[in-house]
Amino acid sequence: VDTSDEISDLAQTINTMAQKLEKVEQERHHLEQVRNDFLANVSHELRTPLTAIQGFLEALQDGLVEEEEARQKYYAVMYTETMQVNRLVDDLMDLMKLENNEVNLVKFPVDVADVMNRVAFSFHQEAEEKGLHMGVEVEDELPRIYADKDRIAQILKNLVKNALKFTSAGEIRMRASLDGEYVQIQVIDTGMGIAADDLDRIWERFFKVDRGRSKNNKGTGLGLAIVKELVELHDGKCRVESSPGKGSTFTIWLPRIKPEN
Ligand code: ADP
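How each quantity is defined
- All residue numbers refer to position in the chain's written sequence, counted from 1.
- Since the coordinates come from a predicted model, pLDDT governs what is reported: local features require at least 70, and pairs of side-chain atoms require 80 or more to be given and counted, while whole-chain, interface and lining totals use all residues.
- To get the side-chain values, take all heavy atoms of the structure and skip hydrogens and water.
- UniProt positions are given in the numbering used here, feature names are shortened, and annotations may be inferred rather than shown by experiment.
- Helix and strand definitions here come from DSSP, where helices need a minimum of 4 consecutive H or I residues and strands a minimum of 2 consecutive E residues; each element is numbered from the N-terminal end.
- C-alpha atoms define the radius of gyration in this analysis, and the globule rule sets the expected value at 2.2 Å times the number of residues to the power 0.38.
- Whether two strands pair comes down to DSSP finding at least two bridges between them.
- For helices, the axis comes from a line fit to the C-alpha atoms of the stretch in contact; other axes are also lines fit to C-alpha atoms, and the angle between any two N-to-C directions lies between 0 and 180 degrees.
- Here, residues are in contact when the closest pair of their heavy atoms is within 4.5 Å.

The name an unreviewed UniProt entry gives the chain is histidine kinase, with Brevibacillus brevis as the organism. Here is the UniProt Catalytic activity (unreviewed entry) comment for the chain, exactly as written: "ATP + protein L-histidine = ADP + protein N-phospho-L-histidine."

(A) Expanded view of the overall build of the chain. What the chain contains, in helices and strands, is six helices and seven strands. Helices and strands in the chain line up, N terminus first, as α-α-β-α-β-β-α-β-β-α-α-β-β. Here the C-alpha radius of gyration of the chain, 25 Å, is well above what a compact globule of 261 residues would show, namely 18 Å. When the backbone C-alpha atoms are referred to their principal axes, the chain occupies close to 95 × 70 × 35 Å.

(B) Geometry of the sheet that holds strand β7 (residues 247-255). With respect to topology, five strands assemble into an open sheet ordered β2-β4-β5-β7-β6, the strand pairing being mixed. For this open sheet the edge positions go to β2 (133-138) and β6 (237-243), each flanked by a neighbour on one side alone. Between one strand axis and the next, the sheet turns by 15° as a mean value, whatever way the strands run. Here β6 runs beside β7; their pairing, made up of seven bridges, is antiparallel. Among the inter-strand pairings, S243 is bridged to a residue of β7, identified as G247. Against the sheet, helix α3 (residues 112-129) touches β2, β4 (171-179) and β5 (182-189), its axis set at about 175° to β2. Contacts between helix α4 (residues 149-165) and the sheet are confined to β2, β4, β5 and β7, with β5 contributing the most and set at about 25° to the helix.

Okay, structure coming up:
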């Protein structure tokens, strides 16, 4: 046996191992970064409402708010901010469970039109108050999907809630039609739209377009991340198209139930 060959083999093995170690180290570093970003986001989202609540409480405690009317306003804001904390915690728990595969779907044949009508009904008052028209269009004889009905409603609610939030005039339409092996569901609005640069990012958790300017954006930034997880759990896919100033279209595809042969 030639020793120089053995040495060069050994050197190569060590080299490969060193490269692998470095890769593991890079992955660890990346995971740590993701974890830190996540914690920073949660802290930020919690601190904003908590700081407001603390400030109002202090003013009340110090007797700085003399008028009863003003006091009632303070209570109302504190209530809204408390709800915001609750919503954040709920969304966060939901998303964590989804990401850790701890959610069991209860699947049955579901009539998409039925879910769409119920969601439209639950938002119709809010839409009316904003002067927005809300419509539902369903193709005739649309096949059913095999899905968890409550979760499909949750997906649609998140999309319609956003459409309402980011639309000040015009209409919100929900549409369903057959697209090959899939039932295609769309939520279409005539709102502010989303810039091309942000389109890919809106599915990320905590992502909100232009944090600074949209101060009254009371969202958690988790809604679409939850939608994406839920759609993927149903073996579906989602997409968004948008033109700033004109409106957005969110589309999801969910597998249709195959006709019996
Ligand atoms: P949020 O709780 O902030 O609504 P989402 O994950 O549901 O969180 O949405 C992320 C961001 O995507 C929103 O903050 C908003 O900037 C943008 N967005 C979502 N839906 C729409 C829409 N229909 N029109 C315009 N922007 C939208």
